[in-house]
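Each chain, written out:
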Amino acid sequence: MVRSAFAIIGAATLVACAQGSTRATSVVAKIEAGAAPCSVTQLAGSAWATVYGDDQVVRIDPATNKVVARIAVDDQPCGIASGAGAIWLMNYGGRTVQRIDPGTNAVTATIPVGNEPYDVAYGFGSVWVTNYADGTVYRIDPATDKVAARIRTRGAPGGFAFTRSAVWVGDASGYSIVRINPKTNKVARRVRTGASPVWLAAKGYTVFAMNQLNRTVARVDERKNRRVALIRGLGNQPVDAGIVGGQLWVPNLKSNTVTRIDIRRNRVLETVRVGMGPFVVPDDPSELWVASFTGTDIWRIRPG
C-alpha cells in the first residue's frame, strides 16, 4: 500500500473546518506504535497495526489503548486485513504476504507475491494483493496459503475495494479503476474516474475512488459501470479512505487531515486535524483508527 506515501487520548476535541454542521469529533486516544505505523485492522477483540519502519505488527488492547504484543514480520509491512480467522499483511520490501494467528500472536505462513506489493484485502473468501511494479493482482486461498490466481491489470495497481459482485482495483498510473470478476478472475471493465485513482473504498453498489492529482473523490455506480458524481474539496494527496459510521472519511497524507464526506449528498462535511502523514482509514462501524505514517502514533477518533 505505498509508493506515493513512501515518497514523500484522554478525550480531546478536534478543530473542524467550517464545512459542515457536525457535532464535535473527539480523540479517544493517541497510541504510540513505533516508526511509521501504516494501517490498522480489527480481529479477536484487538486492533492490529503494521509498523513499517520497525518491521512489526503491534496488537493493541482497545480497553486500555496499550500495545500488548509486538510481532516481527518481513521488511516494510503496510497493508493489513482480517479474514478467515487470521490477520493478513503485505510487506512492501519483503515481497510477501504473511498470515498471523491471533491465538498465538505468531506468523504461521509467508507467501511470496509480486514486485512491490501495495495493498492487501480480504473478500469473496480470498486474500487479494496488488503488485504495483508488476501490474498484477494475486488471489490467495486461505485454506492452502497458496496463490490461486494471477490477474494482469496493467498500469500500477493500488488499493482494493469490494462491492456486491466485484473486486475493484485502483491505478496510480492512469485515469481509470479496474473491475475484476471474482468468479472468473478476469478484468471485466475499466471505469474512468480522474487523475491517479490509487485508493478506493466501497459501500453496497458504490465505489469511491480518491483521485490524488486533482484532489477529488469519484463516485462510481457498479450497476452502471460509470462515474456518477465528483466530490471536490479534499486536502493534499487524498489516500486510503474508509466507511465509518455510514460516511466516507478520507485521509489527506500531505495535509495532516481527514475529510468527512456525506455520501448521501456527495459533499464534504468537515475536515479534522490528525497526526503526521495520515495514510489509511479502515472501515469500521463507529470509530476511526488513523496511523501517522510520517510519525509514530495511531489516533483513535470518535466521530461527532
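Residues numbered from 1 in each chain as written. Predicted model: local features only at pLDDT ≥ 70, side-chain atom pairs only at ≥ 80, totals over all residues. Heavy atoms only, no water.

Student: Any chance you could break down the packing of aromatic side chains for me, citing the residues and the numbers?
Tutor: In total, this model carries seven aromatic pairs according to the counting rule given. Ring geometry for Tyr118 versus Tyr132: centroids 4.6 Å apart, planes at 25 degrees, classification stacked. Taken together, the residues Tyr118 in strand S11 (residues 117–123) and Tyr132 in the loop between strand S12 (126–131) and strand S13 (136–141) connect sequence positions 14 residues apart. The two residues Tyr118 and Tyr132 agree in class, both being buried. Measuring from ring centre to ring centre gives 6.0 Å for Phe124 and Phe162, while their planes differ by 70 degrees; the resulting arrangement is edge-to-face. Residue Phe124 is located in the loop between S11 and S12, and its partner Phe162 is located in strand S15 (residues 157–162); the two are separated by 38 residues in the primary sequence. Residue classification places Phe124 among the partly exposed positions, given a relative accessible area of 34%. Site record: aromatic cluster; members linked through ring pairs are Tyr52, Tyr118, Tyr132, Trp199, Phe279 and Phe293. (Phe/Tyr/Trp six-rings, centres within 6.5 Å; stacked < 30°, edge-to-face > 60°. Helix = DSSP H or I, 4+ residues; strand = E, 2+ residues; numbered from the N terminus. Buried < 20%, exposed > 50% of the residue type's maximum accessible area, 1.4 Å probe, protein only.)

Student: Residues and numbers for the state of the cysteines, please.
Tutor: The full count for this structure, using the stated rule, is one disulfide. One disulfide in the model links Cys38 with Cys78; its S-S distance is 1.8 Å. Note that Cys38 is positioned in strand S3 (residues 37–43) and Cys78 in strand S7 (residues 77–83), a separation of 40 residues in sequence. Take Cys38 and Cys78: they sit in the same class, and that class is buried. (Disulfide = S-S within 2.5 Å.)

Student: Give me the lowdown on the sheet that holds strand S4 (residues 46–51), citing residues and values where you can.
Tutor: One open sheet holds the four strands; their spatial order is S3-S4-S5-S6, and the pairing between them is antiparallel. Edge positions in the sheet fall to S3 and strand S6 (66–72), since each has one partner strand and no second. Here the average twist between neighbouring strands, direction ignored, is 25 degrees. Where S3 and S4 come together, five bridges link them in antiparallel fashion. Following the sheet pairing, Val40 is matched in S4 by Ala49. (Pairing = 2+ DSSP bridges. Axes fitted to C-alpha atoms, helices over the stretch in contact; angles between N-to-C directions.)

Student: Could you give me a rundown of the sheet that holds S11, with the residues and numbers involved?
Tutor: Paired through backbone hydrogen bonds, the strands of a sheet run either parallel or antiparallel to each other. Read from one edge to the other, the open sheet built from four strands follows the order S11-S12-S13-S14, with strand pairing classed as antiparallel. Lying at the two open borders of the sheet, with one neighbouring strand each, are S11 and strand S14 (146–152). Ignoring which end each strand starts from, the neighbouring axes of this sheet average 20 degrees apart. Relative to S13, S12 runs antiparallel, the two being bridged by five bridges. Paired with Trp128 across the two strands is Arg139, which belongs to S13.

Student: How would you summarise the confidence of the model for the protein if you had to cite specific residues and measurements?
Tutor: Here the protein averages 93 in pLDDT, and 92% of its residues register 70 or above. Ranking the elements of the protein by mean pLDDT puts strand S1 (residues 12–13) last with 37 and strand S9 (residues 96–101) first with 99. Confidence drops under pLDDT 50 across residues 4–22; counting only partners more than four residues distant or on other chains, this segment forms 55 contacts. (pLDDT = per-residue confidence, 0-100. Contact = heavy atoms within 4.5 Å.)

Student: Which residues make up the environment of Pro182, and what are the values?
Tutor: With respect to the element layout, Pro182 can be found in the loop between strand S17 (176–181) and strand S18 (186–192). Between the C-alpha atoms of Pro182 and Ser165, which are 17 residues apart in sequence, the distance is 7.6 Å. If near-sequence neighbours (up to four positions away) are discounted, Pro182 is found in contact with Phe124, Trp128, Arg139, Ser165, Ala166 and Val167.

Student: Can you break down unusual backbone geometry residue by residue, with the values?
Tutor: Residues other than glycine seldom take positive phi values, yet Glu116 does so here, at roughly 60 degrees. You can see Glu116 is positioned in the loop between strand S10 (106–112) and S11. In this structure Glu116 comes out as buried when scored by relative accessible area, which is 18%. Unusually for a residue other than glycine, Arg154 sits at a positive phi of about 70 degrees. Structurally, the position occupied by Arg154 is in the loop between S14 and S15. On the basis of relative accessibility, which here comes to 53%, the residue Arg154 falls in the exposed class.

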